[in-house]
Amino acid sequence: MVHFGLEVPETQDGPITLEAKVNYRKFDRRYMDYVFGKGQGPALPVVEMAKDHVELAVEEGPTPANPPSPIKDEWQRWNDYGIGLLLEGGTKGGQKGELKQAEEVFRKVAALERADGWVNLARVLSEGRPDSRRPGRA
């Protein structure tokens, strides 16, 4: 998950269009140069795996008409967002993820009457505790 800041010029009078895409290349060029010699390996195609765009309204501007999300269920969008927050950052306890934000998101999923919310909330709460307080640990 990535968080970006966006500075909007005061003279912006229409919507702002953001576009994102995910590219994939099976091997790294450096790896291929090591195997075959510099510049001697096969061409490495880049595959576009996903691409999307959204228009954002600016203050006092018209509201853009964005297509609906292909993920129909609200709980699923929230749950996926919460998992991204949980996995963000380091690998240990309080350094791992954005636990406070993930907890809030999973409580929302649970309020939508999905067991996934409670399961993932338990994951968040267990990640945030010191190892000595986890069940089964000495």
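Residues numbered from 1 in each chain as written. Predicted model: local features only at pLDDT ≥ 70, side-chain atom pairs only at ≥ 80, totals over all residues. Heavy atoms only, no water.

1. Examining the overall build of the protein
Working step 1: If you tally the helices and strands in the protein, you get 4 helices and 2 strands.
Working step 2: Of all 138 residues assigned to the protein, the portion counted as buried reaches 21%.
Working step 3: Partitioning the intrachain contacts of the protein with sequence separation of at least 6 by distance along the chain shows that 51% fall at a separation of at least 24.
Working step 4: Just so you have it, the protein exposes about 11,000 Å², and 52% of that area is on carbon and sulfur atoms. (Helix = DSSP H or I, 4+ residues; strand = E, 2+ residues; numbered from the N terminus. Buried < 20%, exposed > 50% of the residue type's maximum accessible area, 1.4 Å probe, protein only. Contact = heavy atoms within 4.5 Å. Areas by Shrake-Rupley, 256 points an atom, 1.4 Å probe, with all protein chains shown as cover.)

2. Focus on unusual backbone geometry
The general pattern is negative phi for most residues beyond glycine and trans for most peptide bonds.
Working step 1: We note that E113 has phi near 65°; this positive angle belongs to a residue other than glycine.
Working step 2: Along the chain, the position of E113 falls in the loop between α3 (99-111) and α4 (115-127).

3. Some points on the packing of helix α2 (residues 74-87) against α4
When two helices pack together, their arrangement is given by the angle between the helix axes and the distance between those axes.
Working step 1: Contact geometry of α2 with α4 gives a least axis separation of 11 Å together with a crossing angle of 15°. Judged by the angle between their axes, α2 and α4 are roughly parallel. For the crossing formed where α2 meets α4, the hand is left-handed. Counting all contacts with α2, which are made through W75, N79, I83, L86 and L87, the residues of α4 involved are D116, N120, R123, V124 and E127. (Axes fitted to C-alpha atoms, helices over the stretch in contact; angles between N-to-C directions. Parallel < 35°, antiparallel > 145°, perpendicular 65-115°, else oblique. Left-handed = near helix turned anticlockwise from the far one by under 90°.)

4. Quick word on the pattern of salt bridges
Working step 1: By the definition in use, this model includes 5 salt bridges.
Working step 2: Among the salt bridges present, the one from R30 reaches D28, with a minimum N-O distance of 3.8 Å.
Working step 3: Taking the relative accessible area as the measure of exposure, D28 reaches 39% and is therefore partly exposed.
Working step 4: A salt bridge links D33 to R29, with the nearest nitrogen and oxygen atoms 3.3 Å apart. (Salt bridge = Lys/Arg side-chain N within 4 Å of Asp/Glu carboxyl O.)

5. Things to note about a nonpolar patch on the surface
Working step 1: A grouping of L6, V8, L18, V54 and L56 is seen on the molecular surface, where their side chains present a nonpolar patch of about 360 Å² in accessible area.
Working step 2: Along the chain, V54 falls in strand β2 (residues 47-56). (Patch = residues over 30% accessible without salt bridge, like charges linked within 9 Å, V, L, I, M, F, W, Y side chains within 5 Å.)

6. Considerations on α2
Given 3.6 residues per turn, any residue in an α-helix points the same way as the ones three and four places further on.
Working step 1: Along its 14 residues, α2 runs 20 Å from first to last C-alpha, staying within 8% of the 20 Å computed at 1.5 Å per residue.
Working step 2: Taken residue by residue, α2 has W75, N79, G82, G84, L85 and L86 as its buried positions.
Working step 3: The inward-facing, buried residues of α2 abut α3 and α4. (Expected span 1.5 Å × (residues − 1).)

7. Observations regarding the confidence of the model for the protein
Detailed reading of predicted coordinates is not advised where the pLDDT is low.
Working step 1: Overall, the prediction assigns the protein a mean pLDDT of 82, with 84% of residues at 70 or greater.
Working step 2: Counting interchain partners and residues more than four positions distant, the pLDDT-below-50 stretch residues 130-134 has 6 contacts. (pLDDT = per-residue confidence, 0-100.)

8. Description of the packing of α2 against α3
Working step 1: Put simply, α2 and α3 touch, their axes get as near as 8 Å, and they point 160° apart. Between α2 and α3, the angle is such that the two are roughly antiparallel. For the element pair α2 and α3, the recorded crossing hand is left-handed. Seen from α2, the contacting residues are E74, W75, W78, N79, Y81, G82, I83, L85 and L86; seen from α3, they are L99, Q101, A102, V105, F106, K108 and V109.

9. Remarks on the nonpolar core
Working step 1: If you look at the biggest cluster of nonpolar residues, it comprises 8 residues: L85, L86, L99, A102, V105, F106, L121 and V124.
Working step 2: Among the elements of the structure, α2, α3 and α4 are those that each provide at least two residues to this core.
Working step 3: Of the residues forming this core, the biggest block, 4 residues, is contributed by α3. (Core = buried A, V, L, I, M, F, W, Y, C linked by side-chain atoms within 4.5 Å.)

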